[in-house]
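Understanding the architecture of this molecule
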Amino acid sequence: MAVKAGERNQGDLTVITKAKDHAAYTLAITDNEKNFPKRHRFSTANKLQEKAFTILECLIEANEFYPKTPEELNHRRFLQRKAIAGCKSMLTMIDVCKQRFAIKTTTVEYWTRQLWDIRNLTAAWLVKDEARFKSLLR
């Protein structure tokens, strides 16, 4: 049975599902010529797409292993923090694009709300991991 967009797969964290939705939404927004003229496709739109997929990749990779050593936990925490930093970076990029291009306010609000949700869920996951794996922390 095929999984529809936005549906949670067995074992996916909510944050990963939201990051998948965000990456798909980013593609839809940045591929739309009304939002990003063709001449800005490579310079601006591609950077936003890459950032959305980097956030998703970090979250998937962080979730892929159960840390058994301090090094594994530190790597997982690094990926979680990289995803959080990516959200902040992308929020800034979207703000600049809103000022420069004719992107609807409602579109920007939804887009940024997605990022804030991902950022907050990732931060909560990081805190929960620190409590769960306290014995591995250095």
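Conventions and cut-offs
Residues numbered from 1 in each chain as written. Predicted model: local features only at pLDDT ≥ 70, side-chain atom pairs only at ≥ 80, totals over all residues. Heavy atoms only, no water. Helix = DSSP H or I, 4+ residues; strand = E, 2+ residues; numbered from the N terminus. Buried < 20%, exposed > 50% of the residue type's maximum accessible area, 1.4 Å probe, protein only. Axes fitted to C-alpha atoms, helices over the stretch in contact; angles between N-to-C directions. Parallel < 35°, antiparallel > 145°, perpendicular 65-115°, else oblique. Left-handed = near helix turned anticlockwise from the far one by under 90°. Contact = heavy atoms within 4.5 Å. Nonpolar A, V, L, I, M, F, W, Y, C, P; charged D, E, K, R; others polar. Salt bridge = Lys/Arg side-chain N within 4 Å of Asp/Glu carboxyl O. pLDDT = per-residue confidence, 0-100.

So, the side chain of Thr107
By the element assignment, Thr107 lies in helix 4 (residues 105–132). The exposure class assigned to Thr107 is buried, which follows from its relative accessible area of 13%.

Points about the packing of helix 2 (residues 41–63) against helix 3 (residues 70–100)
When two helices pack together, their arrangement is given by the angle between the helix axes and by the axis-to-axis distance. At a minimum axis distance of 9 Å, the contact between helix 2 and helix 3 shows a crossing angle of 160°. On the basis of the axis angle, helix 2 is roughly antiparallel to helix 3. Taken as a pair, helix 2 and helix 3 cross one another with a handedness that is left-handed. For the pair helix 2 and helix 3, the contacting residues are Thr44, Lys47, Leu48, Lys51, Ala52, Thr54, Ile55, Cys58, Leu59, Glu61 and Ala62 in the first and Arg76, Leu79, Gln80, Lys82, Ala83, Gly86, Cys87, Ser89, Met90, Met93, Ile94 and Cys97 in the second. Grouping the amino acids of the contact of helix 2 with helix 3 by side-chain chemistry returns 13 nonpolar, five polar and five charged.

Examining the packing of helix 1 (residues 14–30) against helix 4
The interhelical angle for the contact between helix 1 and helix 4, taken along N-to-C directions, is 155°, at an axis separation of 10 Å. Considering their axes alone, helix 1 and helix 4 lie roughly antiparallel with respect to each other. Crossing of helix 1 against helix 4: the hand is left-handed. In this structure, helix 1 uses Thr14, Val15, Lys18, Ala19, Asp21, His22, Tyr25, Thr26, Ile29 and Thr30 to contact helix 4, whose residues at the interface are Thr107, Tyr110, Trp111, Gln114, Leu115, Asp117, Ile118, Leu121, Thr122 and Trp125. Classifying every residue of the contact of helix 1 with helix 4 by side-chain character gives ten nonpolar, seven polar and three charged.

Topic: the pattern of salt bridges
Summed over the entire model, instances satisfying the criterion amount to six salt bridges. When the shortest N-O distance is used, the salt bridge between Lys18 and Asp117 registers 3.9 Å. Separated by 99 residues along the polypeptide, Lys18 in helix 1 and Asp117 in helix 4 bring together distant segments of the chain. The shortest N-O distance in the salt bridge between Glu33 and Lys38 comes to 3.9 Å. Judged by relative accessible area, which is 47%, Glu33 ranks as partly exposed. Via salt bridges that share partners, Arg76, Asp129 and Arg132 belong to a single interconnected network.

Side note on the confidence of the model for the protein
Confidence in the prediction for the protein averages 90 pLDDT; 91% of positions are at 70 or higher. Ranking the elements of the protein by mean pLDDT puts helix 2 last, at 95, and helix 1 first, at 97. In the predicted structure, residues 5–11 sits below a pLDDT of 50 and forms ten contacts with residues beyond four places in sequence or in another chain.

Looking at the environment of Ala28
Mapping Ala28 onto the fold places it in helix 1. The exposure class assigned to Ala28 is partly exposed, which follows from its relative accessible area of 47%. The spacing of Ala28 and Gln49 is 21 residues in sequence and 9.8 Å in space, taken between C-alpha atoms.

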